[in-house]
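Notes for the structure review
Given next are the chains, with one letter for each unit.
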Amino acid sequence: QMGITTDADEVAPFDPTGELVKDFLLTNDVALIRTSYLRQLRAERGILQRRQALPSGALVLGEELRKYEFGKGGTRLFTVSHAWLSVEHPDPN
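Right, let's walk through the structure included here.

Now for the overall build of the protein. Within the protein, the secondary structure is distributed over two helices and two strands. Looking at the 93 residues of the protein, the share that counts as buried comes to 20%. Looking at the protein alone, contacts between residues at least 24 apart form 57% of all its contacts between residues at least 6 apart. Accessible surface, the protein: about 7600 Å² in total, of which carbon and sulfur atoms supply 51%.

Okay, here's the thing in structure tokens:
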């Protein structure tokens, strides 16, 4: 079970360098969305599409994840998860 930290200065003692997180992301084909893309999307009042429809530059994939440092003072990750309101789109309105 992965721990949750509430203090930005706290580091998970079981994974201080983030290597376990990186391995999990790579093993499970998880893609990260670049914050710059989300900011651009917001500025353009765009709609976040499903992963398969995102431009390739919007994602951090595969071995590129290895260059990021997720330990103390490193890159921060956050999760956004929501239910789709329709089969065609997460928010049709």
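Moving on: the pattern of salt bridges. Across all of its chains, the model carries seven salt bridges by this definition. Here Glu64 ties to Arg34 by a salt bridge, and the two come within 2.8 Å at their closest N and O atoms. In this pair, Glu64 sits in the segment after strand S2 (59–60) while Arg34 sits in the loop between strand S1 (32–33) and helix H2 (35–43), placing the two residues 30 residues apart along the sequence. Ionic contacts of the salt-bridge type, sharing partners, join the residues Glu19, Lys22, Asp23, Glu63 and Arg66 into one network.

With that settled, consider helix H1 (residues 19–27). Here H1 has its buried residues at Val21, Lys22 and Leu25. Burial along H1 is one-sided: seen end-on, the buried residues are contained in an arc of 100°. The elements touched by buried residues of H1 are S1. Positive backbone phi, approximately 55°, marks Asp29, located one or two places after H1.

Not every positive phi belongs to a glycine, and Asp29 is a case in point at roughly 55°. Along the polypeptide, Asp29 turns up in the loop between H1 and S1. For Asp29, a relative accessible area of 53% gives the class exposed. Unlike most non-glycine residues, Arg45 shows phi in positive territory, near 55°. Mapping Arg45 onto the fold places it in the loop between H2 and S2.

One can find Lys22 in helix H1. Overall, the relative accessible area of 3% leaves Lys22 in the buried class. At 3.3 Å, the side chain of Lys22 forms a polar contact with the backbone oxygen of Arg66.

As for its position among the elements, Gln49 is in the loop between H2 and S2. Taking the C-alpha atoms as reference points, Gln49 and His89, separated by 40 residues in sequence, lie 8.1 Å from one another. With residues up to four places along the chain from it excluded, the contact list for Gln49 reads Leu54 and His89.

Thresholds applied
- Residues numbered from 1 in each chain as written.
- Predicted model: local features only at pLDDT ≥ 70, side-chain atom pairs only at ≥ 80, totals over all residues.
- Heavy atoms only, no water.
- Helix = DSSP H or I, 4+ residues; strand = E, 2+ residues; numbered from the N terminus.
- Buried < 20%, exposed > 50% of the residue type's maximum accessible area, 1.4 Å probe, protein only.
- Contact = heavy atoms within 4.5 Å.
- Areas by Shrake-Rupley, 256 points an atom, 1.4 Å probe, with all protein chains shown as cover.
- Salt bridge = Lys/Arg side-chain N within 4 Å of Asp/Glu carboxyl O.
- Arc of directions from axis to C-beta.
- Polar contact = N/O pair within 3.5 Å; in protein donor to acceptor, adjacent residues only side chain to side chain.

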